[in-house]
Amino acid sequence: MAKLLQLPPKFLPPEWHIANKNQYSGAEAQRSRSERLVDESQRLVDEIERTTQKTQSDVNKRIEQRLEEIKFWKQQLDDKLDQIVKETEVLLTFGTRLEKALENYREPLFIIQECLLNRERRVGIDLVHDEVERELIKEAEVLQGVIALLERTLEQTNEQIRLNRSAKYNLEMDLKDKFTALTIDNYCSNLNNNTPDIRYAQNVVTVDDSSVSPQEWEEFSNANVEKADKQRNNSLALRALIDSILSQTAGDMRKQNKTVNVAFQNRVKETKDAKAKLEVHLAKVMEEVNSQEKNITALKKAILDKEGPAKVAATRLETRNHRPNVELCRDVVQYRLIKEVQEINHNIQRLTETLAHAEAELKGLNRRQLSLEEEIQVKANTLYIDEVLCMQMRESISINNF
């Protein structure tokens, strides 16, 4: 009980003074540290403010620079897109020209093939491998070569159009991304410390693995520009080639068409001349047939006319053989009658032989007449095929410029 009621220990006055001094010095030290911290904090705040402003200014400048870069490449892409679009449109018209040329050349090829088939209907000696046939075959080969060339060129043109559209698609996709990036960076450029919708975001300082370096970014757009330039230059070269092909093929076809037409004209003239000569010979043969028929009639009449004198001479001889006895004399009359009979029989034989020759000649003339008439019909058939069927059909052939 006595211990519980014991008072706490008391300090001596020196201890009291020392304790107060310690409090004074501790407070002074604490205050000094605090003052230094305040000063240092203010310097730090000022320094960080300057650094922050400088950094933000630098970021703003870099954003502006980036905007200029994006605008530059966007303009480059826009220009190339406009060029490739216009070039593709022009190339499409060239493709249409090729298609029209192909359509135009298929009809002449059909006509040429029809002419060759029609000329196979020539008969006899007129079924000849002449200049017209050689030139028609050459014309068909030229046309087939032209059509094959145009088809290959059209395929090449369609492929080039596809490549142009591929380059156009790449440019459009790149432009779309550039527009989005430009919109985003414009938004970022307009942000400031007082913008209402600024906020904290998590994990924004990490670098996306799918991001690219500025060099890669520039190389990507440059590759799209170079591809567009390459395809545009290829398209320009192809258009020049198409112009050359269309011009050259049209010239070649006109030249061959003229050659074939001249060959037809010459052949028709030659056939007409031959037909005219055959008709002249036919007229002469028919005239000779008429003359020979008259000759045969005259020969038959001459043979018939000799029957009277022959019968007279024979009757005289037979009658004189009835003279009696010594009167049966081989006198001059007897010998002359015998000679007369022999002479008449010989002449009849000569006339009969001549008649046989005349009849044989008439048969030959009739065969020749038939042969000439058949040959004239052959020539008429050839003229109908060449002049009516082929030449009139070829009048519809038109070699146009495309």
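The rules behind each value
Residues numbered from 1 in each chain as written. Predicted model: local features only at pLDDT ≥ 70, side-chain atom pairs only at ≥ 80, totals over all residues. Heavy atoms only, no water. Helix = DSSP H or I, 4+ residues; strand = E, 2+ residues; numbered from the N terminus. Buried < 20%, exposed > 50% of the residue type's maximum accessible area, 1.4 Å probe, protein only. Contact = heavy atoms within 4.5 Å. Axes fitted to C-alpha atoms, helices over the stretch in contact; angles between N-to-C directions. Left-handed = near helix turned anticlockwise from the far one by under 90°. Disulfide = S-S within 2.5 Å. Core = buried A, V, L, I, M, F, W, Y, C linked by side-chain atoms within 4.5 Å. Expected span 1.5 Å × (residues − 1). Arc of directions from axis to C-beta. Salt bridge = Lys/Arg side-chain N within 4 Å of Asp/Glu carboxyl O. Phe/Tyr/Trp six-rings, centres within 6.5 Å; stacked < 30°, edge-to-face > 60°. Lys NZ or Arg CZ within 6 Å of the ring centre and 35° of its normal. Parallel < 35°, antiparallel > 145°, perpendicular 65-115°, else oblique.

K.L.:
When you look at the overall build of the protein chain in this model, what are you seeing that I'm missing?
P.N.:
Summing up its helical and strand segments, the protein chain has 5 helices and 0 strands in all. Helices and strands appear in the protein chain in the N-to-C order α-α-α-α-α. When the backbone C-alpha atoms are referred to their principal axes, the protein chain occupies close to 240 × 50 × 30 Å. Counting only residues that meet the buried cut, the protein chain has 28% of its 402 residues in that class. Taking the intrachain contacts of the protein chain between residues at least 6 apart in sequence as the baseline, contacts between residues at least 24 apart amount to 90%.

K.L.:
Honestly, the packing of helix H4 (residues 307-320) against helix H5 (residues 332-394) in this entry has me stumped. Any pointers?
P.N.:
Any two packed helices are characterised by the angle at which their axes cross and by the distance between the axes. Where H4 contacts H5, the two axes come as close as 9 Å, and the packing angle between them is 145 degrees. Crossing of H4 over H5 shows left-handed handedness. For the pair H4 and H5, the contacting residues are Pro 309, Ala 310, Ala 313, Ala 314, Arg 316, Leu 317 and Arg 320 in the first and Val 333, Gln 334, Leu 337, Ile 338, Glu 340, Val 341 and Ile 344 in the second.

K.L.:
What's the story with the environment of Val 123 in this structure? I'm lost.
P.N.:
Along the chain, Val 123 turns up in the loop between helix H1 (13-119) and helix H2 (131-190). Note on Val 123: relative accessible area 39%, which makes it partly exposed. Every residue in contact with Val 123, bar those within four places of it in the chain, is listed here: Val 378 and Asn 381.

K.L.:
Can you walk me through the state of the cysteines in this structure?
P.N.:
What makes a disulfide is a covalent bond joining the sulfur atoms belonging to two cysteines. Applying the stated rule across the entire model yields 0 disulfides. Cysteine Cys 390 remains unbridged, with the sulfur of Cys 115 as its closest cysteine sulfur at 3.7 Å.

K.L.:
When you look at the nonpolar core in this model, what are you seeing that I'm missing?
P.N.:
When a protein is soluble and globular, its nonpolar side chains tend to lie buried together. Counting residues in hydrophobic clusters, the biggest one holds 32 residues, and the most contacted among them are Tyr 105, Leu 136, Leu 150 and Ile 242. With 10 residues, the single largest contributor to this core is H1. Ignoring any residue separated from it by four or fewer positions in sequence, one finds Leu 150 in contact with Leu 98, Ala 101, Leu 102, Tyr 105, Ile 245 and Leu 246. Among the nonpolar cores identified, the runner-up in size contains 22 residues, and Ile 296, Ala 310, Val 341 and Leu 365 belong to it.

K.L.:
Would you take a moment to explain H4 for this structure?
P.N.:
Structural remark: α-helix, 3.6 residues per turn; residues separated by three or four positions point the same way. Here H4 is 14 residues long and its end C-alpha atoms lie 20 Å apart, about the 20 Å a rise of 1.5 Å per residue gives. Considered for burial, the residues of H4 that qualify are Ala 310, Ala 313, Leu 317 and Arg 320. Buried residues of H4 fall within an arc of 110 degrees about the axis and therefore sit on the same side. Buried residues belonging to H4 abut H5.

K.L.:
Where do I start with unusual backbone geometry in this structure?
P.N.:
Comment: phi is negative for the bulk of residues other than glycine, and the bulk of peptide bonds are trans. Phi is positive for Asn 325, which is not a glycine, with a value near 45 degrees. Summarising the element assignment, Asn 325 is placed in the loop between H4 and H5.

K.L.:
It is not clear to me how the pattern of salt bridges should be interpreted in this structure. Could you clarify?
P.N.:
Side chains that differ in charge, positive against negative, can pair when their charged atoms come close. This model, assessed by the stated rule, comprises 30 salt bridges. Here Asp 229 and Lys 80 are joined by a salt bridge, their closest N and O atoms 3.0 Å apart. You can see Asp 229 sitting in helix H3 (residues 214-305) and its partner Lys 80 sitting in helix H1, a full 149 residues away along the chain. One salt bridge in this structure joins Lys 168 and Glu 172, with 2.8 Å as the shortest N-O distance. A residue pair is termed a helical-turn pair when its members lie 3 or 4 positions apart in one helix, as Lys 168 and Glu 172 do in helix H2 at 4 residues. The exposure class of Lys 168 is partly exposed, given its relative accessible area of 26%. On the accessibility criterion, Glu 172 (29% relative accessible area) is partly exposed.

K.L.:
Which parts of the structure should I look at to understand the packing of aromatic side chains?
P.N.:
Two numbers describe a pair of aromatic rings. These are the distance of the centres and the angle of the planes. The full count for this structure, using the stated rule, is 1 aromatic pair. Ring centres of Phe 72 and Trp 73 lie 5.4 Å apart, and the angle between their planes is 80 degrees; on these two criteria the pair is classed as edge-to-face. Owing to a relative accessible area of 46%, Phe 72 belongs among the partly exposed residues under this scheme. Seen from the ring of Trp 217, Arg 66 lies directly overhead, with NZ or CZ sitting 3.7 Å from the centre. The ring of Phe 94 is capped by Arg 97, whose NZ or CZ atom sits 4.6 Å from the centre of that ring.

K.L.:
In this structure, what is going on with the packing of H1 against H3? I would like to understand it.
P.N.:
At a minimum axis distance of 9 Å, the contact between H1 and H3 shows a crossing angle of 20 degrees. When the interaxial angle is binned, H1 and H3 end up roughly parallel. Judged by the twist between their axes, the crossing of H1 over H3 is left-handed.

K.L.:
Even after reading the chapter, I still don't get the side chain of Asn 104, so can you show me in this structure?
P.N.:
Tracing the sequence through the fold places Asn 104 in helix H1. Assessed through its relative accessible area of 17%, Asn 104 is described here as buried. Once you skip the residues sitting within four places of it in the chain, Asn 104 turns out to touch Ser 398, Ile 399, Asn 400 and Phe 402.

K.L.:
Whenever I open this one, the environment of Met 391 confuses me. Can you help?
P.N.:
Structurally, Met 391 can be placed in helix H5. Through-space distance from the C-alpha of Met 391 to that of Leu 238 is 37 Å; in sequence the pair is 153 residues apart. The contacts of Met 391, once residues within four sequence positions are left out, are Phe 264, Gln 265, Val 268 and Asp 386.

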